[in-house]
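Listed below, chain by chain, are the residues.
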Amino acid sequence: MKPFKVITNTTEETIKIAEKLAVLLRPGDVVTLQGDLGAGKTTFTKGLGIGLGVTRTINSPTFTIVKEYMGELPLYHMDVYRLEESDEDIGFDEYFNGDGISVVEWPQFITAFLPDKRLDIELKTIEDNKRQMILYPNGHDFEKICKELIR
C-alpha cells in the first residue's frame, strides 16, 4: 500500500494530527513510531492520549518499557529501545490484542512480535519544530484511516 505524507510546522500541529488519528482508531489497533531522538515520537503519543481522553501526563516509558494510561480507551505506550539485544516477549500479544490502543516506539527491535495489521509512522525532523510524517498502512482498515486523516 502506498504511504501517506503529512507535514506539520509546529509541535501543536503534530499533536492535532495525532488527536485526529486517535478518534479513528479502535481497540486492538497498533501504531508504531520510528524516528531519530527528538523527532517527535513522544509528542505524537501525547496527541493520541489527548484524543483518547487521557488526563495524566504522557512521557517516555524508557525505563519501564510499557506505560498504561486510561482514557476512553486504554493507551499502551511502549518504548522498546532497551530490548534491542533481546528476544524477550513481555506479553506483547496481550497488549496488541487487548482493549486499548498500543503505540510502539523503536518497533524495529520487536518486529517478530508485531501484528501484520498495524499503522507504521516514520517521523522526520525537517527543521526546528517542522516534521514530516510518513504513514505506512498495513491492512485495508489502516489505509481507510490514513485517507480520512489527511483529507
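The paragraphs below set out a description of the structure included in this document. Sequence order as written defines the numbering, with residues in each chain counted from 1. Where totals are concerned, whole chains, interfaces and linings use all residues; where local detail is concerned, this predicted model gives features only for residues with pLDDT of at least 70, and gives and counts side-chain atom pairs only at 80 or more. Side-chain measures were taken over the full set of non-hydrogen atoms in the model, leaving aside hydrogen atoms and water.

1. As for helix α1 (residues 11-24)
- Numbering of helices and strands starts at the N terminus; helices are DSSP runs of H or I of at least 4 residues and strands are runs of E of at least 2. A helix is expected to span 1.5 Å for every residue after the first. Given a rise of 1.5 Å per residue, 14 residues ought to cover 20 Å, and the 21 Å separating the end C-alpha atoms of α1 matches this to within 8%.
- Note on exposure labels: buried denotes an accessible area under 20% of the residue type's maximum, exposed denotes more than 50%, and partly exposed covers the range between, all computed with a 1.4 Å probe on protein chains only. Considered for burial, the residues of α1 that qualify are Thr 14, Ile 15, Ile 17, Ala 18, Glu 19, Leu 21 and Ala 22.
- Two residues form a contact once any of their heavy atoms are found within 4.5 Å. Lining the buried residues of α1 we find β1 (4-8), α2 (41-51), β6 (118-127), β7 (130-138) and α4 (140-150).

2. Some details on the pairing of β6
- Strands qualify as paired when DSSP identifies two bridges or more between them. Looking at chain direction, strand β2 (residues 30-34) and β6 are connected through four bridges and run parallel. Residue pairing in the sheet places Gln 34 in a bridge with Glu 122 of β6.
- Relative to β7, β6 runs antiparallel, the two sharing nine bridges. Among the inter-strand pairings, Lys 124 is bridged to a residue of β7, identified as Gln 132.
- Counting the residues that bridge the hairpin from β6 to β7 gives two residues, and of these Asp 128 lies at a positive phi of roughly 35°.

3. Observations concerning the packing of α1 against α4
- Where α1 meets α4, the axes come as close as 10 Å, and the angle between the chain directions of the two elements is 135°. With respect to each other, α1 and α4 are oriented oblique. Judged by the twist between their axes, the crossing of α1 over α4 is right-handed. Contacts from Ile 17, Lys 20, Leu 21 and Leu 24 of α1 reach α4 at Ile 145, Glu 148 and Leu 149.
- Residues were grouped as follows: Ala, Val, Leu, Ile, Met, Phe, Trp, Tyr, Cys and Pro as nonpolar; Asp, Glu, Lys and Arg as charged; and all remaining residues, including Gly, as polar. Partitioned by chemical class, the residues of the contact of α1 with α4 number five nonpolar, no polar and two charged. Angles run from 0 to 180 degrees between N-to-C directions of axes, and those axes are lines fitted to C-alpha atoms, restricted for helices to the stretch in contact. In these notes the angle categories are as follows: under 35 degrees is roughly parallel, over 145 is roughly antiparallel, 65 to 115 is roughly perpendicular, and the rest is oblique. Whether a crossing is left-handed or right-handed is set by the direction in which the near helix is turned from the far one by less than a right angle, anticlockwise for left-handed and clockwise for right-handed.

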